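Structural overview for review
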Amino acid sequence: MLEGTSSFWYNGRYLKEKRIDMTQIIDGKALAAKLQGQLAEKTARLKEETALVPGLVVILVGDNPASQVYVRNKERSALAAGFRSEVVRVPDTITQAELLDLVAKYNQDPAWHGILVQLPLPKHIDEEAVLLAIDPEKDVDGFHPLNMGRLWSGHPVMIPSTPAGIMEMFHAYGIDLEGKNAVVIGRSNIVGKPMAQLLLAKNATVTLTHSRTHNLAKVAAKADILVVAIGRAKFVTPDFVKPGAVVIDVGMNRDENGKLCGDVDYEAVAPLASHITPVPGGVGPMTITMLMEQTYQAALRTLDRKFSK
Ligand code: GUN
């Protein structure tokens with residue numbers, strides 16, 4: 001990595017910073033495509049050798065446009081991997097009891113190794129009750145409290161796909177986490193909390209921050225590894241970033257012109273970072289691929305159970 005000292009204007013302020021002359025863009029799209037290819041090969045071999053075909057069912061309640069896109073992409077990816085795939089679309093008038101019955105049906109059916117209920121759910125449905133109802137061995141999202149507890153106690157089985165994909169990126173790009181200062185912005189169950197735990201498991205020193213953290217920019221600027229999942233367009237500006245930091249952007253927002261953008265002001269921050277993920281084409285594609293990998297692994301574990309009986 002080459003560093004040079006230079007000064008630049010940002011938002012009317014004159015910043016004198018070390019800028020990184022060679023920022024590496026982490027190409028999540030290419031990495032996901034490579035892993036997806038390997039997964040299709042593994043799946044074909046598994047089918048040939050054991051007749052087992054991993055099955056993923058996605059339950060979509062209502063017609064949230066973003067959820068529809070995500071679910072379509074998951075279905076496409078499952079089919080491309082050679083999985084059995086089903087999307088169950090139900091109206092948002094479904095009652096909680098009906099939704100729980102639906103989950104119970106797929107829990108009991110051995111043809112399905114992964115069950116995912118797309119979030120968010122309509123307000124009249126208790127999200128926690130639904131996540132709790134999914135068989136933990138089929139919970140490919142890793143959102144069931146048992147799987148969250150397994151992760152926090154250092155014995156993960158199902159890992160939420162977004163942080164799992166980020167860990168794959170660190171591995172693929174040779175980013176060492178040992179002893180590094182890692183700052184995670186955002187404390188959701190889906191990204192921030194499991195991300196913090198995965199970084200900790202790799203011996204990073206982790207600070208989990210959020211919208212109420214005092215002096216957030218100052219805290220973030222201590223990070224060697226900065227993971228941003230706060231859900232606000234271009235929230236992270238150069239004053240949050242230590243020169244040479246690895247910047248991972250989980251955000252998916254629209255800017256003032258309706259253009260897709262992340263939680264990081266990419267144009268302004270990229271010159272400071274040693275590595276950065278773009279939006280789109282960064283974390284997003286990895287999330288879906290990791291979901292497929294979790295489904296494959298869940299299917300494999302059913303074989304282990306069958307032969308150990
Ligand atoms: N909604 C947004 N992201 C996710 C996800 O990773 N899993 C589920 N089930 N719903 C989501």
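Worth saying up front: this structure is predicted, and the values here are computed from it rather than measured.

Conventions and cut-offs
Residues numbered from 1 in each chain as written. Predicted model: local features only at pLDDT ≥ 70, side-chain atom pairs only at ≥ 80, totals over all residues. Heavy atoms only, no water. Helix = DSSP H or I, 4+ residues; strand = E, 2+ residues; numbered from the N terminus. Rg over C-alpha atoms; globule rule 2.2 N^0.38 Å. Contact = heavy atoms within 4.5 Å. Areas by Shrake-Rupley, 256 points an atom, 1.4 Å probe, with all protein chains shown as cover. Near = heavy atom within 4 Å. Polar contact = N/O pair within 3.5 Å; in protein donor to acceptor, adjacent residues only side chain to side chain. Nonpolar A, V, L, I, M, F, W, Y, C, P; charged D, E, K, R; others polar. UniProt positions renumbered as here; feature names shortened; annotations may be inferred. Pairing = 2+ DSSP bridges. Axes fitted to C-alpha atoms, helices over the stretch in contact; angles between N-to-C directions. Parallel < 35°, antiparallel > 145°, perpendicular 65-115°, else oblique. Phe/Tyr/Trp six-rings, centres within 6.5 Å; stacked < 30°, edge-to-face > 60°.

Before going further, it helps to spend a moment on the overall build of the chain. Helices and strands together make up the secondary structure of the chain, namely ten helices and 13 strands. In terms of overall dimensions, the chain is globule-like: its C-alpha atoms have a radius of gyration of 20 Å, near the 19 Å expected for 309 residues. Oriented by its inertia axes, the alpha-carbon framework of the chain measures out at about 65 × 45 × 35 Å. For the chain, the proportion of contacts with a sequence separation of at least 24, taken over those separated by at least 6, is 67%. Accessible surface, the chain as shown: approximately 14,900 Å² in total, 53% of it carbon and sulfur.

Attention shifts here to the site of the ligand. In the vicinity of the ligand, the residues found are Leu-116, Val-117, Gln-118, Leu-119, Asp-141 and Phe-143. Within the backbone of Leu-119, an N or O atom sits 2.9 Å from a nitrogen atom of the ligand. Residue Asp-141 places a side-chain N or O atom 2.6 Å away from a nitrogen atom belonging to the ligand. Look at the ligand: alone it shows 280 Å² of surface, and the protein chains cover 81% of it. Grouping the amino acids of the shell around the ligand by side-chain chemistry returns four nonpolar, one polar and one charged.

Below, the discussion takes up the UniProt feature "domain: Tetrahydrofolate dehydrogenase/cyclohydrolase catalytic" (unreviewed entry) in the chain. With numbering matched to this structure, UniProt assigns "domain: Tetrahydrofolate dehydrogenase/cyclohydrolase catalytic" (unreviewed entry) to residues 26-141. Along residues 26-141 one finds 52% helix and 16% strand; the C-alpha atoms at either end are 24 Å apart.

This brings us to the sheet that holds strand S5 (residues 84-90). The strand order S5-S4-S6 describes an open sheet built from three strands, whose pairing is parallel. The open sheet has two free edges, formed respectively by S5 and strand S6 (114-117), since each of these has just one partner strand. Each neighbouring strand pair of the sheet contributes to a mean axis angle of 15 degrees, computed without reference to strand direction. Bridge count for strand S4 (residues 55-61) against S6 is four bridges, and the pairing is parallel. Directly across from Ile-59, in S6, lies its bridge partner Val-117. Of the strands in this sheet, S4, S5 and S6 touch helix H2 (residues 65-81), which is tilted by about 160 degrees from S5. Against the sheet, helix H3 (residues 96-108) contacts S4, S5 and S6, and its axis sits at roughly 175 degrees relative to S4.

With that settled, the discussion passes to the UniProt feature "domain: Tetrahydrofolate dehydrogenase/cyclohydrolase NAD(P)-binding" (unreviewed entry) in the chain. UniProt annotation of "domain: Tetrahydrofolate dehydrogenase/cyclohydrolase NAD(P)-binding" (unreviewed entry) refers to residues 160-301 when read in the numbering used here. Note that residues 160-301 is 35% helix and 17% strand, and that its end C-alpha atoms are spaced 17 Å apart.

Tracing the sequence through the fold places Asn-107 in helix H3. A polar contact of 2.8 Å, which involves the side chain of Asn-107, links it to the backbone oxygen of Ala-133. In this structure Asn-107 touches Ile-115, Ala-133, Ile-134, Asp-135 and Lys-138, once residues within four positions along its chain are discounted.

The next thing to look at is the environment of Leu-100. Turning to its location among the elements, Leu-100 is positioned in helix H3. Along the primary structure Leu-100 and Ser-211 are separated by 111 residues, whereas in three dimensions their C-alpha atoms are 34 Å apart. Setting aside its immediate chain neighbours within four residues, Leu-100 contacts Ala-129, Val-130 and Ala-133.

Interhelical geometry of helix H1 (residues 28-50) versus helix H6 (residues 161-172) gives an angle of 95 degrees and a closest axis separation of 11 Å. Classified by the interaxial angle, the pair formed by H1 and H6 is roughly perpendicular. Residues Gly-28, Leu-31 and Leu-35 of H1 pack against Glu-168, Met-169 and Ala-172 of H6.

Summed over the entire model, instances satisfying the criterion amount to two aromatic pairs. An angle of 65 degrees between the planes, with centres 5.5 Å apart, marks the rings of Phe-235 and Phe-240 as edge-to-face.

Here six strands make up an open sheet; going across it, the order is S3-S13-S10-S9-S7-S8 and the pairing parallel. The open sheet has two edge strands with one neighbour each: strand S3 (24-25) and strand S8 (205-209). Relative to the sheet, helix H7 (residues 192-201) contacts strand S7 (181-185), S8 and strand S9 (225-228), its axis offset from that of S8 by approximately 170 degrees.

Attention shifts here to unusual backbone geometry. Look at the link from Leu-119 to Pro-120: it is a cis peptide, with omega at 0 degrees. In this model, Val-279 is joined to Pro-280 through a cis peptide bond whose omega is 0 degrees. Along the chain, the position of Pro-280 falls in the loop between strand S13 (275-276) and helix H10 (283-307). Positive phi outside glycine occurs at Ala-51, with the angle close to 70 degrees.

On to the environment of Arg-89. By the secondary structure assignment, Arg-89 is in strand S5. Spatially, the C-alpha atoms of Arg-89 and Asp-63 are 8.7 Å apart, while their sequence positions differ by 26 residues. Apart from residues no more than four positions distant in its own chain, Arg-89 is found in contact with Leu-60 and Val-71.

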